[in-house]
Amino acid sequence: MNDILYILLTASYVLSVLLMARLAVLRRIFSREDARKCIHLLVSFPVFILIFCIKEPWLRLAGPFSFIFINIIIARKTGERLGGLVLYPFSELLLLVFMDAGFLSAISVIAGMLVMGFGDSAAAVTGRAFGRTRFGSKTVEGSAAMYAVSFIVFLFSAESWYVSLLLASCVTVIEALSPRGWDNLTVPLSAALLMEVL
């Protein structure tokens, strides 16, 4: 399968996720926030195709670049917050650029995207369902979920469990301190860069 077909496969998957989430909101199966977090989690998976299947670096960047503009259109039509929607594909774009430039390894980019997709979603869902202790817009319970999920992701990608603990701690603090929506940029970049350094 050539690069163009992989790009079409990735775009079809992401558009399907967006469409299903939109239908789930319209049919009142999910709240808008629940749908947003499902999208957040599910669209982290195409990073595997972008890294391992697409050979041309410029084509690898086409997906995230396109979805920056698609998300702007979606935000204007639905009234969603623009910041997080745009920063999500923008952070993926930056990570891929850094990888293609030789600054990041593929495993660091994958870890960054999965920590954002899984960790941030777990933090939001847990914080909303069980959050009792708030600090700013975050909860202790949500941060605990972020820490646990990040640790599991790093456990599969870092060299040792204690490095995974350190990485998860750093990323959790960064997520907790990030302004609303900006964690879509700060979490994946810090996760990937810290993993590369450590």
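Counting from 1, residues in each chain are numbered in the order their sequence is written. For this predicted model, a pLDDT threshold of at least 70 governs which residues receive local features, and a threshold of 80 or more governs which side-chain atom pairs are given and counted, while totals over whole chains, interfaces and linings are taken from all residues. Values shown for side chains rest on all heavy atoms present in the structure; no hydrogens or waters enter the calculation.

Some details on helix α9 (residues 183–197)
Only DSSP runs of H or I covering at least 4 residues are called helices, and only runs of E covering at least 2 are called strands; the numbering of each starts at the N terminus. The span you would expect from a helix comes to 1.5 Å times its residue count less one. Between its first and last C-alpha atoms α9 spans 20 Å; for 15 residues at 1.5 Å apiece the expected length is 21 Å, and the two agree. What α9 keeps buried is the set Asp183, Asn184, Leu185, Val187, Pro188, Leu189, Ser190, Ala191, Ala192 and Met195. Categorising residues by exposure relies on relative accessible area from a 1.4 Å probe, with only protein chains included: less than 20% of the type maximum marks a residue as buried, more than 50% marks it as exposed, and the intermediate range marks it as partly exposed.

Let's talk about the pattern of salt bridges
Salt bridge, as applied in this entry: a Lys or Arg side-chain nitrogen positioned within 4 Å of an Asp or Glu carboxyl oxygen. This model, assessed by the stated rule, comprises 6 salt bridges. The partner of Arg128 in a salt bridge is Asp34, and the shortest N-O contact between them spans 2.2 Å. Of this pair, Arg128 sits in helix α6 (residues 106–130) while Asp34 is found in helix α2 (residues 32–42), placing the two residues 94 residues apart along the sequence. A salt bridge links Asp100 to Arg60, with the shortest nitrogen-to-oxygen separation between them at 2.3 Å. Placement of Asp100 in helix α5 (residues 82–100) and of Arg60 in helix α4 (residues 57–78) is noted, with a sequence separation of 40 residues between them. Among the charged side chains, a network of salt bridges with common partners joins Lys138, Glu175 and Asp183.

Let's talk about the nonpolar core
Counting residues in hydrophobic clusters, the biggest one holds 48 residues, and the most contacted among them are Ile51, Leu95, Leu96, Val109, Val115, Phe154 and Val171. Considering every element that reaches this core, the biggest residue donor is α6, with 8 residues. Any two residues whose heavy atoms approach within 4.5 Å at even a single point are treated as in contact. When near neighbours in sequence (up to four residues on either side) are disregarded, Phe154 contacts Ala111, Val115, Ser164, Leu167, Ala168, Val171, Ala191 and Met195. For the purposes of this section, nonpolar cores are sets of buried Ala, Val, Leu, Ile, Met, Phe, Trp, Tyr and Cys residues that join through side-chain atoms within 4.5 Å.

Things to note about the packing of α6 against α9
Running from amino to carboxyl end, α6 crosses α9 at an angle of 140 degrees, the nearest separation of the two axes being 8 Å. In terms of axis orientation, α6 runs oblique to α9. Classified by chirality, the crossing of α9 by α6 is right-handed. Residues Ile107, Ser108, Val109, Ala111, Gly112, Val115, Met116 and Asp120 of α6 form the contact with α9, whose own contacting residues are Asp183, Asn184, Val187, Pro188, Ala191, Ala192, Met195 and Glu196. Think of it as three bins: nonpolar holds Ala, Val, Leu, Ile, Met, Phe, Trp, Tyr, Cys and Pro, charged holds Asp, Glu, Lys and Arg, and polar takes everything else, Gly as well. Per-class residue counts for the contact of α6 with α9 are 10 nonpolar, 3 polar and 3 charged. Every axis corresponds to a line fitted to the C-alpha atoms, with the helix fit spanning only the stretch in contact, and the corresponding angles, defined between N-to-C directions, vary from 0 to 180 degrees. Just so you know how the angles are binned, under 35 degrees is roughly parallel, over 145 roughly antiparallel, 65 to 115 roughly perpendicular, and the rest oblique. Crossing handedness is read from the near helix: turned anticlockwise from the far helix by less than a right angle, it gives a left-handed crossing, and turned clockwise, a right-handed one.

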